[in-house]
Amino acid sequence: MVLEIIELENGELAIRNADSDAEPMIKVNFSSELKDKLNGHYLDVARVMLTAGIQMVAESGFDLDDNAESESEPEPIIH
């Protein structure tokens, strides 16, 4: 699955599947006050926040790919 960070029409930043127009998986919104205080660096902050969210989900073992077939427990390897 290829993910992309996008800016929505309402100003929210989001991560979605690049191959789909489906609803974004995660959205981040900053107040105007915080955007001003971050002097335009809110995009960098949002990128880090969104990346951390996806990384945490990936490390948890959840499969986000809707097209992937569910896999059973892998067979143990005996050496």
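Preceding block: the structure.
Since we're looking at a predicted model, the values are computed, not measured. (Residues numbered from 1 in each chain as written. Predicted model: local features only at pLDDT ≥ 70, side-chain atom pairs only at ≥ 80, totals over all residues. Heavy atoms only, no water.)

### Observations concerning the overall build of the protein
Defined as follows: Helix and strand assignments follow DSSP, with helices taken as H or I runs no shorter than four residues and strands as E runs no shorter than two, numbered in order from the N terminus. Here, residues are in contact when the closest pair of their heavy atoms is within 4.5 Å. Here the accessible surface of atoms and residues is derived via Shrake-Rupley with a 1.4 Å probe, and residues count as covered only by protein chains that are part of the display.
In terms of helices and strands, the protein carries two helices and three strands. Relative to all contacts within the protein whose residues are 6 or more apart in sequence, the contacts with residues 24 or more apart total 28%. A total accessible area of about 6500 Å² is found for the protein, and carbon and sulfur atoms account for 50% of it.

### Some details on the sheet that holds strand 2 (residues 13–17)
Counted only if it meets this: Paired strands are those between which DSSP finds at least two bridges. Fitting a line to C-alpha atoms yields each axis, with helices limited to the stretch in contact; the angle taken between N-to-C directions then spans 0 to 180 degrees.
On the basis of which strands lie adjacent, the open sheet formed by three strands has the order 1-2-3 and antiparallel pairing. A strand with exactly one partner marks an edge of an open sheet, and here the two such strands are strand 1 (3–7) and strand 3 (26–28). Direction aside, neighbouring strands of the sheet carry axes that sit 25 degrees apart on average. By the bridge criterion, five bridges tie strand 1 to strand 2 in an arrangement that is antiparallel. Bridge assignment links Ile6 to a residue of strand 2, and that residue is Ala14. Taken strand by strand, helix 2 (residues 42–59) contacts strand 1, strand 2 and strand 3, and its axis lies near 40 degrees from that of strand 2.

### Quick notes on a nonpolar patch on the surface
Keep this limit in mind: Two distance rules govern patches: like charges are joined within 9 Å, and nonpolar side chains (Val, Leu, Ile, Met, Phe, Trp, Tyr) within 5 Å, applied only to residues with over 30% relative accessible area and no salt bridge. For salt bridges, the criterion is a side-chain nitrogen of Lys or Arg within 4 Å of an Asp or Glu carboxyl oxygen.
A contiguous nonpolar patch, built from Met1, Leu3 and Met25 and spanning about 240 Å² of accessible area, is present on the exposed surface. Position of Leu3 relative to the elements: it lies in strand 1.

### With respect to the pattern of salt bridges
The test is simple: Each residue is placed in one exposure class: buried if its accessible area under a 1.4 Å probe, protein chains only, is under 20% of its type's maximum, exposed if it is over 50%, and partly exposed if it falls in between.
Throughout the structure, instances matching the rule amount to three salt bridges. Among the ionic pairs, Arg16 bridges to Glu4, the shortest N-O distance being 2.8 Å. Of this pair, Arg16 sits in strand 2 while Glu4 sits in strand 1, placing them 12 residues apart in sequence. Take Glu4: its relative accessible area is 25%, and that puts it in the partly exposed class. Note that Arg47 is salt-bridged to Asp44, the shortest N-O span being 3.0 Å. Of this pair, Arg47 and Asp44 both sit in helix 2, three residues apart, roughly one helical turn. Asp44 gets classed as partly exposed once you look at its relative accessible area, which sits at 36%.

### Some remarks on the pairing of strand 2
Relative to strand 3, strand 2 runs antiparallel, the two being bridged by three bridges. Within strand 3, the position partnered with Leu13 by the bridge is Val28.

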